[in-house]
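Architecture and fold: a report
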Amino acid sequence: MSHVTSIDFVLIHISDTHLSSAIPAHNRGWRAAAAYIRQRKPDLVIHTGDIIDDETSEADRLYARVKLESLGVEWVAIPGNHDIGDGPPAAGNICPERLAEFENTFGATHWSRRVGEWRVIGVNAMLLGSGSPGEADHWLWLEKCLAASTGTRSMLCIHKPPFLLNPGESQHGTATMPEAARRRFWDLIVKSGIKLIACGHRHEYRMVQRDGVGIVWAPTTSGLPAEMTPPILSNAPGCGLVEYVISGDTVAHRVVTFQIIGGSHDRFA
Ligand SMILES: [Fe+2]
Ligand SMILES: [Fe+2]
């Protein structure tokens, strides 16, 4: 009797690193994250945005690029509001120049790639509902991408969660995807059969389940405070990363948290 063994693939999801050449305190958790990644040697690192702290700083972009390259593993990234500016209800300032600066430093702002039997799709969801140049084209790309992925196990990566608790809730400032985009986005997700969304932005870990879709919020590596979305989780890790193991058509995830105790003594737990 023969056994078919599936090969496991490991993905590490980091977010909200807020790397800064000017504010060393933001980089404290990065050392622990980078040490863990070098030891774990994942098949792919996914960064769901807010790579840097100041979208106007070329120095921060170059600093962060060096940090990501130093991991020694393949990585991909999508932009957050600290990389290319925010959308509504903030005063929108996403512009083609910012997008070009991101692409020149970190690669494409949106992408789709195969990992084992899964397809991992990175979406520049900052454009959705922003009214910025490129939004209409990005909706078309997303619709085509999801149509092409129908029947395939797929994981979608975005910066902001689509909503906090449920898709019908009213807008909570800039905490989530703009309300103007949410219904169209969520209808697409549910129709396409996506089962897993990875996001960041809130600086706290959370797993939200709605309409058969699991939404994993990654914590930050920066040590910057979580915004502690109600209901507040008593033990929500404030600093860490998420690790996914893909085995055939299943995926499991766990949170790796870091204790930042200052100096060079950061350690992961
Ligand atoms: Fe952030
Ligand atoms: Fe953010």
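Overview of the structure. Note that the structure is predicted; figures quoted are calculated from it, not measured. (Residues numbered from 1 in each chain as written. Chains lettered and ligands numbered in written order. Predicted model: local features only at pLDDT ≥ 70, side-chain atom pairs only at ≥ 80, totals over all residues. Heavy atoms only, no water.)

**Notes on the pairing of strand S7 (residues 196–199)**
For the record, the criterion: Relative accessibility thresholds used throughout: buried, under 20% of the residue-type maximum; exposed, over 50%; partly exposed, between the two (1.4 Å probe, protein chains only). For helices the rule is a DSSP run of H or I covering at least 4 residues; for strands it is a run of E covering at least 2, with both sets numbered from the N terminus onward. Strand pairing is defined by DSSP finding a minimum of two bridges between the two strands. Note on handedness: a clockwise path from strand one over the helix to strand two, with the strands aimed away from the viewer, defines a right-handed crossover.
Residue alternation in S7 divides its side chains into two sets, Leu-196 and Ala-198 and Ile-197 and Cys-199, and both sets are buried. Two elements, strand S6 (residues 153–157) and S7, share three bridges in a ladder whose sense is parallel. Bridged to Cys-157 within S7 is Ala-198. As a crossover connection, the stretch from S6 through helix H6 (residues 179–192) into S7 is right-handed.

**Here we look at the coordination of the iron ion (ligand 2)**
Stated formally: Only nitrogen, oxygen and sulfur atoms qualify as donors, and only when within 2.8 Å of the metal (3.2 Å in the case of Na, K and Ca); with water excluded, sites may look incomplete. Angular criteria define each label, namely tetrahedral for four donors with all angles between 85 and 135 degrees, square planar for four and octahedral for six donors with opposite donors over 155 degrees apart and remaining angles between 65 and 115, and irregular for whatever fails these tests.
Coordination of the iron ion (ligand 2) by the protein is provided by Asp-50 (OD), Asn-81 (OD1), His-159 (NE2) and His-201 (ND1), with metal-donor distances spanning 2.2 Å. Metal-centred angles of 86 to 152° between the four donor atoms at the iron ion (ligand 2) mark the site as irregular. Written as a sequence motif, the donor arrangement for the iron ion (ligand 2) is D-x30-N-x77-H-x41-H. A separation of 3.5 Å is found between the iron ion (ligand 2) and the iron ion (ligand 1), which are bridged by Asp-50. Of this pair, Asp-50 sits in the loop between strand S2 (44–47) and helix H2 (58–69) while His-201 sits in the loop between S7 and strand S8 (206–210); the two residues are 151 residues apart in sequence, bridging distant segments of the chain.

**Things to note about the coordination of the iron ion (ligand 1)**
Within the first shell, the iron ion (ligand 1) binds the protein through Asp-16 (OD), His-18 (NE2), Asp-50 (OD) and His-203 (NE2), at distances of 2.0 to 2.3 Å. What the four donor atoms of the iron ion (ligand 1) show is an angle range of 85 to 173° at the metal, which sorts the shape as irregular. Read from N- to C-terminus, the donor residues coordinating the iron ion (ligand 1) fall into the pattern D-x1-H-x31-D-x152-H.

**What about helix H5 (residues 135–149)?**
Rule in force here: Take the number of residues in a helix, subtract one, and multiply by 1.5 Å to get its expected span. What the arc covers is the set of directions going from the helix axis to the C-beta atoms.
When the terminal C-alpha atoms of H5 are compared, their 21 Å separation across 15 residues agrees well with the 21 Å that a helix rising 1.5 Å per residue should span. Among all positions in H5, only Glu-135, His-138, Trp-139, Leu-142, Cys-145, Leu-146 and Ser-149 are buried. Burial along H5 is one-sided: seen end-on, the buried residues are contained in an arc of 130°. Along H5, exposed side chains directed more than 90 degrees from the buried face belong to Ala-136, Asp-137, Lys-144, Ala-147 and Ala-148.

**Some remarks on the packing of H5 against H6**
Stated precisely, the cut-off is as follows: Note on geometry: axes are C-alpha line fits, over the in-contact stretch for helices, and angles between N-to-C directions span 0 to 180 degrees. For classification purposes, an angle smaller than 35 degrees is called roughly parallel, one larger than 145 roughly antiparallel, one from 65 to 115 roughly perpendicular, and anything else oblique. When the near helix sits turned anticlockwise from the far one by under a right angle, the crossing is termed left-handed; a clockwise turn instead gives a right-handed crossing. The contact rule is simple, with two residues in contact once any of their heavy atoms fall within 4.5 Å. Residues are grouped as follows: Ala, Val, Leu, Ile, Met, Phe, Trp, Tyr, Cys and Pro are nonpolar; Asp, Glu, Lys and Arg are charged; all remaining types, including Gly, are polar.
Orientation of H5 relative to H6, taken along the N-to-C sense of each, is 15°, at an axis distance of 10 Å. Relative to H6, the element H5 is oriented roughly parallel. Crossing of H5 over H6 shows right-handed handedness. Seen from H5, the contacting residues are Trp-139, Leu-142, Glu-143 and Leu-146; seen from H6, they are Ala-181, Arg-184, Phe-185, Leu-188, Ile-189 and Ser-192. Looking at the contact of H5 with H6 residue by residue, the class counts come to seven nonpolar, one polar and two charged.

**Digging into the pattern of salt bridges**
Applicable threshold: One side-chain nitrogen of Lys or Arg within 4 Å of one carboxyl oxygen of Asp or Glu is enough to make a salt bridge.
Taken as a whole and judged by the stated rule, the model has 11 salt bridges. Ionic pairing is found between Glu-143 and Arg-184, a salt bridge with its closest N-O pair at 2.9 Å. Highlighted residues: Glu-143 in helix H5 and Arg-184 in helix H6, separated in sequence by 41 residues. Between Arg-183 and Asp-187 there is a salt bridge, and its shortest N-O distance comes to 3.2 Å. Here Arg-183 and its partner Asp-187 are both found in helix H6, four residues apart, which amounts to about one turn of the helix. Residue class for Asp-187 comes out partly exposed when judged on its relative accessible area of 42%. Within the structure, one salt-bridge network assembled from shared partners comprises Glu-58, Arg-61, Arg-98 and Glu-101.

**Examining unusual backbone geometry**
A cis amide bond links Pro-88 with the next residue in sequence, Pro-89, at an omega value of 5°. Note on placement: Pro-89 falls in the loop between helix H3 (81–84) and helix H4 (96–106). Phi angles above zero are rare outside glycine, and Asp-211 is one such case at about 50°. When you line up the elements, Asp-211 lands in the loop between S8 and strand S9 (213–217).

**Observations concerning the sheet that holds S9**
The strands that make up a sheet pair up through hydrogen bonds in the backbone, lying either parallel or antiparallel. If you walk across this open sheet you meet the six strands as S4-S5-S6-S7-S9-S8, and the pairing is mixed. Looking along the sheet, the strands with just one partner apiece sit at the ends: strand S4 (111–115) and S8. Along the sheet, successive strands turn relative to each other by an average axial angle of 20°, direction set aside. With respect to the sheet, H5 is in contact with S4, strand S5 (118–122) and S6, its orientation differing from that of S5 by roughly 175°.

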